[in-house]
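Okay, here's what each chain looks like letter by letter:
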Amino acid sequence: MRDYDIKINGTSNVTVFGTKDNTIVIPSDVKVDADGNRADIDIGNVSDIKLGIPENAEKIELNIADSDISVSDLSFEKLEIDGKGNITISIDNTSGPVDINMIGGTATLIVSKDFRFFTEIKGMGNRIESNITEDRSSADKIELNGSNSTLTIRYN
């Protein structure tokens, strides 16, 4: 599987990490619907979640609200976070574009000092706050979509 659609119900601390042996690691009490190259994972009201997916994924989509997310050791064609409320995202040792979609929400993206990226804003009333110098030649685009939302990017 290379496409992961992950829905998390309730406030959680979520850790998503890459596995080197092409395995998937999920909590025992989740609903999984797998079909060919796609997996839909539905997690309900678990406060601490650890998810392992193969380190080279095509698309990862997280649907989440008012939670903290840590993403590490992954390469992806696209990481899409559909967030509500207030979310914090830490990324480490990752590569690929990150799309954050919110309506009236706030997000904080925490990156390492060696992470090179550039930003793009789409939608109405959105803004990105960051004092980090962008690298327009990077393949790692951070995009804020939706409306009336704020993304703050800072170092860890």
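Structure shown above.
The shown structure was predicted, so the numbers you read here are calculated from the model rather than taken from an experiment.

**Focus on the overall build of the chain**
Reasoning step 1: Of regular secondary structure, the chain possesses zero helices and 14 strands.
Reasoning step 2: The linear arrangement of helices and strands in the chain, starting from the amino end, is β-β-β-β-β-β-β-β-β-β-β-β-β-β.
Reasoning step 3: Rg of the C-alpha trace for the chain: 15 Å, near the compact-globule value of 15 Å for 156 residues, within the 12% margin.
Reasoning step 4: With the C-alpha coordinates of the chain rotated into their principal frame, the extents come out at 40 × 30 × 25 Å.

**Notes on the pattern of salt bridges**
Reasoning step 1: This model, assessed by the stated rule, comprises 15 salt bridges.
Reasoning step 2: The partner of Asp5 in a salt bridge is Arg38, with the nearest N and O atoms 3.1 Å apart. Of this pair, Asp5 sits in strand β1 (residues 3–9) while Arg38 sits in strand β4 (residues 38–44), placing them 33 residues apart in sequence.
Reasoning step 3: Assessed through its relative accessible area of 34%, Arg38 is described here as partly exposed.
Reasoning step 4: For Lys141, the salt bridge identified is with Glu120, shortest N-O distance 3.9 Å. Placement of Lys141 in strand β13 (residues 141–147) and of Glu120 in strand β11 (residues 118–121) is noted, with a sequence separation of 21 residues between them.

**A look at the pairing of strand β2 (residues 13–19)**
Reasoning step 1: Pairing analysis gives seven bridges linking β2 to strand β5 (residues 48–54), with the strands arranged parallel. Counted as the bridge partner of Thr15 is Lys50 from β5.
Reasoning step 2: The pairing of β2 with strand β7 (residues 68–84) spans five bridges and is classified as parallel. Bridging from a neighbouring strand, Phe17 pairs with Ser72 of β7.

**Thoughts on the environment of Val111**
Reasoning step 1: Within the element layout of this structure, Val111 appears in strand β10 (residues 106–111).
Reasoning step 2: Along the chain, Val111 and Ile91 lie 20 residues apart, while their C-alpha atoms are 5.6 Å from each other.
Reasoning step 3: Non-local contacts of Val111, meaning those with residues more than four positions away in its chain, are made with Ile91, Phe117, Ile132, Ile153, Arg154, Tyr155 and Asn156.

**Digging into the environment of Ser28**
Reasoning step 1: Residue placement: Ser28 occurs in the loop between β2 and β3 (31–35).
Reasoning step 2: Sequence separation between Ser28 and Lys7 is 21 residues; the distance between their C-alpha atoms is 15 Å.

Calculation rules
Residues numbered from 1 in each chain as written. Predicted model: local features only at pLDDT ≥ 70, side-chain atom pairs only at ≥ 80, totals over all residues. Heavy atoms only, no water. Helix = DSSP H or I, 4+ residues; strand = E, 2+ residues; numbered from the N terminus. Rg over C-alpha atoms; globule rule 2.2 N^0.38 Å. Salt bridge = Lys/Arg side-chain N within 4 Å of Asp/Glu carboxyl O. Buried < 20%, exposed > 50% of the residue type's maximum accessible area, 1.4 Å probe, protein only. Pairing = 2+ DSSP bridges. Contact = heavy atoms within 4.5 Å.

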